[in-house]
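Chain by chain, the residues:
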Amino acid sequence: MDWRRVGLEAGSPSEEAVAVAQMKKLSTEELSHVPSYTGCSYWEAGLGSKLPDSRANAVTTHWCLHSASAFLRRGVMEGLLTRCRALPAWATCSPQLSGYVPHRFHHRAPGRGKRLMLSRMFQPQNLREDQVLSLEGRSGELTCKSQRLMLQVGLIHPASSGCYHLLPYTVRAMEKLVRVIDQEMQAIGGQKVNMPSLSPAELWRATSRWDSMGKELLKLRDRHGKEYCLGPTHEEAITALIASQQTLSYKQLPLLLYQVTRKFRDEPRPRFGLLRGREFYMKDMYTFDSSPEAARQTYSLVCDAYSSLFDRLGLQCVKVQADVGSIGGTMSHEFQLPVDVGEDRLAVCPSCGFSANMETLDLSQTNCPACQGPLTKTKGIEVGHTFYLGTKYSSIFSAQFTNVHGKPSLAEMGCYGLGVTRILAAVIEALATEDCIRWPSLLAPYQVCLISPKKGSKEEAAAELTGHLYDHITEAVPQLRGEVLLDDRTHLTIGNRLKDANKFGYPFVIIAGKRALDDPAHFEVWCQNTGKVVFLTREGVLELLSQVQVV
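Source: prediction; values computed, not measured. (Residues numbered from 1 in each chain as written. Predicted model: local features only at pLDDT ≥ 70, side-chain atom pairs only at ≥ 80, totals over all residues. Heavy atoms only, no water.)

Attention now goes to the overall build of the protein. When helices and strands are tallied, the protein shows 19 helices and 21 strands. Considering the protein as a whole, with its 551 residues, one finds that 49% of them fall into the buried category. Considering only contacts in the protein between residues 6 or more positions apart, those separated by 24 or more positions represent 67%. A total accessible area of about 26600 Å² is found for the protein, and carbon and sulfur atoms account for 51% of it. (Helix = DSSP H or I, 4+ residues; strand = E, 2+ residues; numbered from the N terminus. Buried < 20%, exposed > 50% of the residue type's maximum accessible area, 1.4 Å probe, protein only. Contact = heavy atoms within 4.5 Å. Areas by Shrake-Rupley, 256 points an atom, 1.4 Å probe, with all protein chains shown as cover.)

See below:
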């Protein structure tokens, strides 16, 4: 054997020592893929039976170490190492290896032959009311439906006052919401950026907001004594960024920059779960235009994109006149989702469509200022907010562009926010029943939940059909790959698992029950968002699910 090919010189230690040294160089994954050889037997490895040649066999580390000297004597060690190192290349051309997946890697991305099992999902459930109450400390703090349900089914878990762990289902829903937001923002020319959460104090002192925002601003000092805040918004940061660009031309405007990041606000009394917390996700867009007229056109463009977004989610949001607050500017609107738990009081005119946050009106006002008709009072959750800023920030930081005459001009600005995590809670508040979550179809963490028969039941023979149906769905309906869960907790009855599925709010729950034993098999399909229950053949199920839209 040429020892130099395995990194050793002639006259090295014993063959056994060499074998051990070389096997230790292999990674755990390579060892698990060591294939069998024609003519090699378990007897040679001290195990006493023939290795099958029909597939690639995983060889344990113990076997590798203690049988290595036998391989060396047969002149096989060199080839074995070469084949192990070349395994990734083989997997693309060998039917045997391409179909072989070590079972321990069950967290791989879903694809053909890999099913998402509910039993493997990290989903801490607290389905009893008293258990949910204990999570938040005092029962008085559990004051809205979305907070209670999200805690109950394990969508969120308290970390500290006003801060929550977002668990896997919630992260999936949020990622989908962000994809819808990206589509709408980029459709109007938005470009995505990502700014630091840490914002230097000098930027905020320049706009006087370091002091005017008061205790809501989370402030800190680094080891060098430099002051920062954890940004609740980024007007200062983005304007300073634009001001640093000395060659900005009117030809590059309008400029629409946005991000989706964590924001921080030291709320005096965090409540309602994700509706009002100290740490949250927000989409904030900042626009730069060449004139007030152009800036107002951009303002209308972004407002229309917001309306399109909420329409796609099936939410009946109302655009209302709003106060500019600490952000400032000369014009502002909120997008409000009318629900009873909302903290904002709204006035809406059924006659002319006028709507406003009551904080912009005289509290004693009962007639519409536009048509003098009677106003209807309601409550709402603010899920979006838009501001026309003018030159409030660009004048402070000298955010300029070169105009058509070659002269420097101040950019006209706007800023536009969407509460990402707040929207997730708000849709549950608006759409859920008292006991069960309901999602807009585009945001559902998973679209389909398959429930197989209970082990030992009369319907157990249909269990295999459930697995086949899972495979048919992911093959025939490509957009649902990664969107189907198989509830494999077969120690529970179908009824118990259906109750859990109702709570989670999967848009489609498919059960292999008694009629799955019919010829042809019929599956019970619960369409959660419409309340309909139908029995469909496999072909009917595929036809129904082919109409599902995902992002």
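So, about the pattern of salt bridges. Taken as a whole, this structure holds 22 salt bridges when the rule is applied. Residue E343 is joined to R271 by a salt bridge in which the shortest nitrogen-to-oxygen separation is 2.4 Å. Highlighted residues: E343 in the loop between β10 (331–338) and β11 (344–348) and R271 in the loop between β7 (255–264) and β8 (279–289), separated in sequence by 72 residues. Across the pair E343 and R276 runs a salt bridge, and its minimum N-O distance is 2.7 Å. With a gap of 67 residues between them, E343 in the loop between β10 and β11 and R276 in the loop between β7 and β8 connect regions that are remote in the sequence. Taking relative accessible area as the criterion, E343 reaches 34% and is therefore assigned partly exposed. Through salt bridges with shared partners, a single ionic network connects E267, R271, R276 and E343. (Salt bridge = Lys/Arg side-chain N within 4 Å of Asp/Glu carboxyl O.)

Spatially, β18-β17-β19-β20-β21 is the arrangement adopted by the five strands of the open sheet, whose pairing is mixed. Edge positions in the sheet fall to β18 (484–487) and β21 (532–536), since each has one partner strand and no second. Taken over all neighbouring pairs, the strand axes of this sheet differ in orientation by 20° on average, direction set aside. Relative to strand β20 (residues 523–527), strand β19 (residues 508–511) runs antiparallel, the two sharing four bridges. Bridge pairing in β20 places I510 opposite V525. Helix α17 (residues 463–476) rests against β17 (448–451), β18, β19 and β20 of the sheet, and its axis sits at about 175° to β18. (Pairing = 2+ DSSP bridges. Axes fitted to C-alpha atoms, helices over the stretch in contact; angles between N-to-C directions.)

Let us now look at the packing of aromatic side chains. Going through the model one piece at a time under the given rule, you end up with seven aromatic pairs. Between Y169 and F504 the ring centres are 5.3 Å apart and the planes differ by 35°, which places this aromatic pair in the tilted class. Pair noted here: Y169 is in helix α10 (residues 168–187) and F504 is in helix α18 (residues 494–504), with a separation of 335 residues, a long-range link. Each member of the pair Y169 and F504 is classed as buried. Pairing Y299 with Y416 gives two aromatic rings, centres 5.8 Å apart and planes at 50°, and the pair type is tilted. On the criterion of sequence distance, the pair formed by Y299 in helix α14 (residues 292–312) and Y416 in strand β16 (residues 412–419) is long-range, its members being 117 residues apart. The pair Y299 / Y416 is uniform in exposure class, with both members buried. Grouped by ring-pair contacts, the aromatic residues Y169, Y446, F504 and Y506 constitute a single cluster. Against the face of Y446 rests R172, its NZ or CZ located 4.0 Å from the ring centre. (Phe/Tyr/Trp six-rings, centres within 6.5 Å; stacked < 30°, edge-to-face > 60°. Lys NZ or Arg CZ within 6 Å of the ring centre and 35° of its normal.)

To continue, consider the confidence of the model for the protein. Predicted confidence across the protein gives a mean pLDDT of 83, with 76% of residues reaching 70 or more. Note on residues 1–21: pLDDT under 50 across the span, and 27 contacts to partners over four residues away in sequence or across chains. (pLDDT = per-residue confidence, 0-100.)

Once that is clear, we can look at the packing of α10 against α14. Two elements in contact, α10 and α14, have axes separated by 9 Å at closest approach and are oriented at 145°. Relative to α14, α10 is oriented so that their crossing is right-handed. Seen from α10, the contacting residues are V180, I181, Q183, E184 and M185; seen from α14, they are A305, Y306, S308, L309 and R312. Grouping the amino acids of the contact of α10 with α14 by side-chain chemistry returns six nonpolar, two polar and two charged. (Left-handed = near helix turned anticlockwise from the far one by under 90°. Nonpolar A, V, L, I, M, F, W, Y, C, P; charged D, E, K, R; others polar.)

Now for the sheet that holds strand β5 (residues 218–221). An order of β4-β6-β5 is seen for the three strands of this open sheet, with the pairing classed as antiparallel. Edge strands, defined here as strands with exactly one partner in the open sheet, are β4 (198–200) and β5. The mean inter-strand angle of the sheet, taken between neighbouring strand axes irrespective of direction, is 40°. In this sheet, strand β6 (residues 227–230) lies alongside β4 in antiparallel orientation, the contact comprising three bridges. Looking at the pairing, S199 lines up with C229 of β6.

Here helix α9 (residues 145–152) crosses helix α16 (residues 420–431) at 105°, and the two axes come no closer than 8 Å. One element, α9, and the other, α16, form an angle in the roughly perpendicular class. The segment α9 lies against α16, with K145, S146, L149 and M150 engaging A425, I428 and E429. For the contact of α9 with α16, the residue count by class is four nonpolar, one polar and two charged. (Parallel < 35°, antiparallel > 145°, perpendicular 65-115°, else oblique.)

Attention now goes to the state of the cysteines. Evaluated as defined, the whole model comprises zero disulfides. A disulfide-free cysteine, C371 has its sulfur positioned 3.5 Å from the sulfur of C349, the nearest such atom. (Disulfide = S-S within 2.5 Å.)

This part takes up the pairing of β11. Note: β11 against strand β13 (residues 376–390), five bridges, orientation antiparallel. Directly across from R345, in β13, lies its bridge partner K379. Taken together, β11 and the strand that follows it, strand β12 (residues 355–357), pair antiparallel across an intervening segment of six residues, in which G353 is found at a positive phi of about 90°.

On to helix α13 (residues 235–243), then. Given 3.6 residues per helical turn, the α-helix brings residues three or four places apart onto the same face. Counting buried residues in α13 gives seven out of nine residues, a clear majority hidden from the surface. For α13, the complete set of buried residues consists of E235, E236, A237, I238, T239, I242 and A243.

On to the pairing of β8. Summarising burial for β8: ten of the eleven residues are buried, a large majority. Bridge analysis of β8 against β16 gives eight bridges, and the strand direction is antiparallel. Paired with Y286 across the strands is C415, a residue of β16.

Considering the arrangement of structural elements, one finds D182 in helix α10. With a relative accessible area of 14%, D182 lands in the buried category. Apart from the residues lying within four places of it in its own chain, the contact partners of D182 are K192 and Y258.

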